[in-house]
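Chain residues, written in single-letter form:
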Amino acid sequence: MRNEMMTVAKNQEIAANTYELTLSGALVNDISKAGTFLHIEVPGGDLVLRRPISIASVDPVAGTCTLVYKEMGEGTKRLARCRPGDLLAVLGPLGNTGFPVESPQAEDHVLLIGGGVGVPPLYYAAYELAKRKVTFTVILGFQTKAAVFYEEQFRYLPGSEVQIMTDDGSYGGQGTVIDALKTRTDRPAWLFSCGPRGMLRALEIVSAQPGTKGYVSLEERMGCGVGACLACVCETADRSSYRKICQDGPVFAFKEVLL
Ligand code: FES
């Protein structure tokens with residue numbers, strides 16, 4: 001983990017209020033797990049909390065990493081105004097667990113399910129699976145056509161089947177990723193997912209199927225990002241203890257945490 005001033009290489013809107021931020025710096029060399037995140041200080045210095053943003057891809061040759069974030073409040077509004085050459089104070093990579101992309105065998109089928117800004121860490125996972133020649137199905141859910149992003153990037157990966165769902169039916173199938181799942185009869189060996197809690201809860205049924213190993217990346221408001229403040233705790237599934245998403249996660253087996 002480093003605390004580094006990284007340089008903005010690119011920062012562009014790729015869907016409605018959704019930005020892709022490319023950063024360069026030595027910290028990129030430390031990124032190795034799909035699911036980990038960077039903790040970025042908001043420019044201006046007056047907003048205390050950093051913003052945790054998932055890593056979508058890494059380019060070790062260019063020395064860059066790419067993140068995707070949604071412009072939602074003052075902090076992300078200011079990030080959206082960053083221009084190439086600007087410097088951002090970045091702590092990371094944070095999180096100690098990633099999706100187990102090394103585990104699926106070539107004959108295994110992997111199902112990747114993402115919703116909204118839960119999509120970026122799945123792209124990182126999909127990229128790693130494709131490198132290992134593992135085939136996978138991606139189902140991505142968005143509110144509406146204007147919010148869809150990374151469809152082409154996923155389709156470009158070898159071994160992938162991509163299905164897009166929108167709540168209002170303005171693009172792809174109409175409904176949620178759960179609606180899409182109801183039309184499928186295949187049973188995945190692996191399930192990797194990230195998105196809104198409601199979606200993740202609904203996916204517990206899939207992850208509980210015999211023969212399926214399910215993993216979820218949790219996104220939460222963060223304080224310190226390094227396990228010191230308890231701002232990000234979640235209960236274990238048996239309600240016997242707690243896990244810190246920033247330190248024990250952000251990727252957990254479905255059966256480990258209470259969603
Ligand atoms: Fe402080 Fe997780 S954000 S413990």
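Residues numbered from 1 in each chain as written. Predicted model: local features only at pLDDT ≥ 70, side-chain atom pairs only at ≥ 80, totals over all residues. Heavy atoms only, no water.

Once that is clear, we can look at the UniProt feature "binding site: FAD" (unreviewed entry) in the chain. Under the feature "binding site: FAD" (unreviewed entry), the UniProt entry names R51, P52, I53, S54, G75 and T76. Tracing the sequence through the fold places S54 in strand β4 (residues 51-59). Not counting chain neighbours up to four residues away, the residues in contact with S54 comprise T36, F37, L67, V68, P121 and E219. There is a polar contact of 3.2 Å between the side chain of S54 and the side chain of E219. Relative to the assigned elements, T76 resides in helix α1 (residues 74-80). (UniProt positions renumbered as here; feature names shortened; annotations may be inferred. Helix = DSSP H or I, 4+ residues; strand = E, 2+ residues; numbered from the N terminus. Contact = heavy atoms within 4.5 Å. Polar contact = N/O pair within 3.5 Å; in protein donor to acceptor, adjacent residues only side chain to side chain.)

Tracing the chain through its elements places D248 in helix α6 (residues 245-248). The sequence separation of D248 and V226 amounts to 22 residues, and the corresponding C-alpha distance is 9.6 Å. The residues touching D248, leaving out its near neighbours within four places in the chain, are T97 and R243.

Take D108: it is sitting in the loop between β6 (87-94) and β7 (110-115). Of the side chains with opposite charge, K213 lies nearest to the buried D108, which makes no salt bridge, at 6.0 Å. In terms of polar contacts, D108 uses its side chain to reach the side chain of W190, at 3.0 Å. Apart from the residues within four sequence positions on either side, D108 is in contact with V134, T135, A189 and W190. (Buried < 20%, exposed > 50% of the residue type's maximum accessible area, 1.4 Å probe, protein only. Lys, Arg positive; Asp, Glu negative; His and termini not counted. Salt bridge = Lys/Arg side-chain N within 4 Å of Asp/Glu carboxyl O.)

In terms of domains, the chain is made up of domain 1 (2-94) and domain 2 (110-256). Computed over C-alpha atoms, the centres of domain 1 and domain 2 are 21 Å apart. Between domain 1 and domain 2, the contact holds 25 residues from the first and 22 residues from the second. Summing both partners gives a buried area of about 1800 Å² for domain 1 against domain 2, and 68% of it is carried by carbon and sulfur. Linking domain 1 with domain 2 are 0 salt bridges, by the criterion used here. Those elements giving two or more residues to the side of domain 1 that touches domain 2 turn out to be β1 (2-15), β2 (18-24), β3 (37-40), β4, β5 (64-70) and β6. (Domains from an automatic or database assignment. Buried area = accessible area lost by both parts, 1.4 Å probe.)

Strand pairing in a sheet takes place through backbone hydrogen bonds and is either antiparallel or parallel in direction. Judged by pairing direction, the barrel is antiparallel, and its 6 strands sit side by side in the order β1-β2-β5-β4-β3-β6 before closing back on the first. Direction aside, neighbouring strands of the sheet carry axes that sit 45 degrees apart on average. Pairing geometry for β2 and β5, over 7 bridges, is antiparallel. When the bridges of β5 are listed, L23 appears paired with C65. In the packing of helix α2 (residues 119-131) onto the sheet, the strands contacted are β4 and β5, and the crossing angle to β4 comes to about 25 degrees. (Pairing = 2+ DSSP bridges. Axes fitted to C-alpha atoms, helices over the stretch in contact; angles between N-to-C directions.)

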